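# Structural overview
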Amino acid sequence: MKMAPSPIVGVWRVRTEGAPFPYHMFAFHSDGILHQSNPPLGNAITSDTAGLGVWQEREGVVKARFEEYRLAYHDHSITRGVIELTLSVSHNLFTGTAEFNVYDVDDKHLDGPLHATVEGQKVTLE
């Protein structure tokens, strides 16, 4: 018997209170892959790549983690942002929390954890 896909599967407009730029797009794929995107110039300190990561649903709660590389405008130093999400989905909406940590290219922890709240609305054809 084939199970129905998780309600998180799809494309979402996301608002993150506490992030340098609050507006993001997330795509949760049925194979557990997560894509995140927001404008590179949305952060005044670094230019960030798109975020790529993974997600899992356990007992109705979605846990996700994505990572992005960050290039500092002032000295071109490279860091890696790691964002962990805990989300509750209800139909075409989700709410939750995010935790953000920064590491250098050698995996030394530099900053965080910083916390934010997240809200998402699913993109639909209706």
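Use the structure listed above.
Residues numbered from 1 in each chain as written. Predicted model: local features only at pLDDT ≥ 70, side-chain atom pairs only at ≥ 80, totals over all residues. Heavy atoms only, no water.

A tally of regular secondary structure across the protein chain gives 0 helices and 9 strands. The helix and strand sequence of the protein chain, counted from the amino end, reads β-β-β-β-β-β-β-β-β. Rg of the C-alpha trace for the protein chain: 15 Å, near the compact-globule value of 14 Å for 126 residues, within the 12% margin. The dimensions of the protein chain, computed from C-alpha atoms along their principal axes, are 55 × 30 × 20 Å. (Helix = DSSP H or I, 4+ residues; strand = E, 2+ residues; numbered from the N terminus. Rg over C-alpha atoms; globule rule 2.2 N^0.38 Å.)

Next up on the list: the environment of Leu 85. With respect to the helices and strands, the residue Leu 85 is situated in strand β7 (residues 78-90). Sequence separation between Leu 85 and Ala 98 is 13 residues, and the spatial gap between their C-alpha atoms is 4.5 Å. If we ignore the near neighbours within four places in the chain, the residues touching Leu 85 are Phe 26, Leu 34, Val 62, Lys 63, Ala 64, Phe 66, Thr 97, Ala 98 and Val 118. (Contact = heavy atoms within 4.5 Å.)

Pairing between strand β1 (residues 10-17) and strand β2 (residues 23-28): 6 bridges, direction antiparallel. Looking across to β2, one finds that Val 14 is bridged to His 24. The hairpin formed by β1 and β2 contains 5 residues between the paired strands, and Gly 18 there has a positive phi angle of roughly 115°. One ladder, built from 4 bridges, connects β2 with strand β3 (residues 33-37); its direction is antiparallel. By the bridge assignment for β3, Phe 26 is matched with Gln 36. Where β2 hands over to β3, the hairpin turn is made up of 4 residues, of which Gly 32 adopts a positive phi near 90°. (Pairing = 2+ DSSP bridges.)

Within the structure shown, the criterion is met by 6 aromatic pairs. Pairing Trp 12 with Phe 94 gives two aromatic rings, centres 4.8 Å apart and planes at 50°, and the pair type is tilted. You can see Trp 12 sitting in strand β1 and its partner Phe 94 sitting in strand β8 (residues 93-104), a full 82 residues away along the chain. For the pair Trp 12 and Phe 94, a shared accessibility class is recorded, and that class is buried. Here the aromatic rings of Phe 26 and Phe 66 are separated by 5.8 Å at their centres, their planes lie at 75°, and the arrangement is edge-to-face. (Phe/Tyr/Trp six-rings, centres within 6.5 Å; stacked < 30°, edge-to-face > 60°. Buried < 20%, exposed > 50% of the residue type's maximum accessible area, 1.4 Å probe, protein only.)

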